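Coordinates in review
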Amino acid sequence: MSDKVDILLLGAGGREHALLSKLAASPRAGRLYVAPGNGGMYALAERADVDQDSPEAVAAFAQDHGIGLVVIGPEAPLVEGVADAVRAAGIPCFGPGAQAAQMEGSKQFAKEVMARAGVPTAAYRAFTEEEPCAAYVREVGGPVVVKADGLAAGKGVIVAQTTEEALEGVHECFSGHFGAAGSTVVVEEMLEGPECSLLALTDGKTVVPLATAQDHKRALDGDKGPNTGGMGVYSPVPLVTPDEYAAMVDIENRVVAELAAEGIRYTGCLYGGFMLTKDGPKVLEFNARFGDPETQVVLPRMHADLIDAFLACDAGTLDQVAIDWEDDWAVCVVLTSAGYPGSYEKGKAITGIERAEELPGVTVYHAGTAVDKDGRLVTNGGRVLNVTAVAPTFEAARAQAYAACELIDFEGKTFRHDIGHRAVEPRA
Ligand code: AMP
Ligand code: GLY
């Protein structure tokens, strides 16, 4: 097929910048729109004035503008049912409908599907009231994991080493610290081992695993500090054995098949977050979308026409799409605003991106950036830029990514210095 496709992409993060870059590189790319987008995306796409979380508004915009594909980046519009509204308007959409998106939107829903599909995951109990929850935590004792059910931007998880810490977490969740996401609280068995993300494309029948990636969730070097939305990532993950890889792929197939058997068609990206335990990979969580920042290292290594692949996910023809992989390695370092994931300042001028991108293999994806009224590129979020390098070895990719980080400047620039340490350390 060579017809041009006009596309509306929803989202504003580094993940969406990476998706947009890959979509724009397709020979089939027609007019590209983003809502809301960020400071790096408007060079590639027009800004659409539409509320990304409103199913009616997105469907109406897509109809009015002759859009041939709506791509949904973040979880909130998926859970709101934007994909359902777009499909109801007869327009292809990349991303699951609201019901299937509960795999991310509700940990309890996901756990129940996993149980029915026979997928290994941490034992858990869900609570809607603080007292029984606290009593259960006292009974099982630490170490234990406490999670706010629902969407909390990757931050509603307390990995508690002690019972005390866990009880504080329970109280935090029930006292509204994570907003509505905390009204149900899940207490989970703590799993141990290295983590691995495996993104997969699916049309509801065929599941095509993409490359492995490893995120770094903690804010500080040495995996210290609070959980964040992700501080850096690399791909592939060399410590994953062929058996572990096969087990992760099997788990994703089983989940998609189980949902299908229950009458729920899951299409789009299924993101499995796994702990590689000594008893094999176990699921930490599923997300109903591409990972951020995993996408920023997976897509640059992927040889495929992303427009064809996304349309095939919607149409149910993913078995006909060819996807190949580059042997190269990719490393991405996230530059954050000082203070993240707590409070931080915005509006700081950013310089040096062009120089950084002159380094071979380096691409800088924008996340929390904006263009101010004077036309300057400024910081506009906690995770500001995703500095990604692709090279023939892990060491070269990492060195290049860090060299690029040094060339970029903004007040409060902060980053982890040990992204990818597990790629070179012996497995614990
Ligand atoms: P989640 O948003 O559920 O993926 O949790 C965020 C992070 O918390 C994960 O990437 C893990 O590092 C950690 N975590 C979540 N659940 C568990 C668990 N059951 N055992 C150990 N660590 C966990
Ligand atoms: N990398 C974590 C996430 O996308 O949820």
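Further up the page is the structure itself.
All of the points below concern the structure found in this document. (Residues numbered from 1 in each chain as written. Chains lettered and ligands numbered in written order. Predicted model: local features only at pLDDT ≥ 70, side-chain atom pairs only at ≥ 80, totals over all residues. Heavy atoms only, no water.)

The environment of ligand 2 is formed by Asp-215, Lys-217, Tyr-271, Asn-287, Arg-289, Gly-291, Asp-292, Pro-293 and Glu-294. Taking Asn-287, its side chain carries an N or O atom lying 3.4 Å from an oxygen atom of ligand 2. For ligand 2, an oxygen atom lies 2.8 Å from a polar atom in the side chain of Arg-289. Within the complex, the protein chains bury 92% of what would otherwise be the 200 Å² of accessible surface of ligand 2. Of the residues in the shell around ligand 2, the class split is two nonpolar, two polar and five charged. (Near = heavy atom within 4 Å. Polar contact = N/O pair within 3.5 Å; in protein donor to acceptor, adjacent residues only side chain to side chain. Areas by Shrake-Rupley, 256 points an atom, 1.4 Å probe, with all protein chains shown as cover. Nonpolar A, V, L, I, M, F, W, Y, C, P; charged D, E, K, R; others polar.)

For the rest of this paragraph, the subject is the sheet that holds strand S8 (residues 157-160). The strand order across the open sheet built from four strands is S6-S9-S7-S8, with neighbouring strands paired in antiparallel fashion. The open sheet is flanked by strand S6 (124-127) and S8, the only strands paired with a single partner. Taking the axes of each pair of neighbouring strands and ignoring which way they run, one obtains an average angle of 15° across the sheet. Pairing between S6 and strand S9 (residues 185-189): four bridges, direction antiparallel. Bridge pairing in S9 places Tyr-124 opposite Glu-188. (Pairing = 2+ DSSP bridges. Helix = DSSP H or I, 4+ residues; strand = E, 2+ residues; numbered from the N terminus. Axes fitted to C-alpha atoms, helices over the stretch in contact; angles between N-to-C directions.)

What follows covers the site of ligand 1. Taken together, 16 residues lie near ligand 1, and Lys-147, Glu-188, Leu-191, Glu-195 and Glu-285 sit nearest. Here a nitrogen atom of ligand 1 sits 2.8 Å away from a polar atom, N or O, in the side chain of Glu-188. Side-chain polar atom of Glu-285 to an oxygen atom of ligand 1: 2.9 Å apart, as the coordinates give it. Burial of ligand 1 by the surrounding chains reaches 94%, relative to a free accessible area of 470 Å². Listed by contribution, the elements that provide at least two residues to the shell around ligand 1 are strand S7 (144-148), S8, S9 and strand S16 (280-287). Its residues assigned to classes, the shell around ligand 1 shows eight nonpolar, one polar and seven charged.

That is the geometry; function is a separate question.
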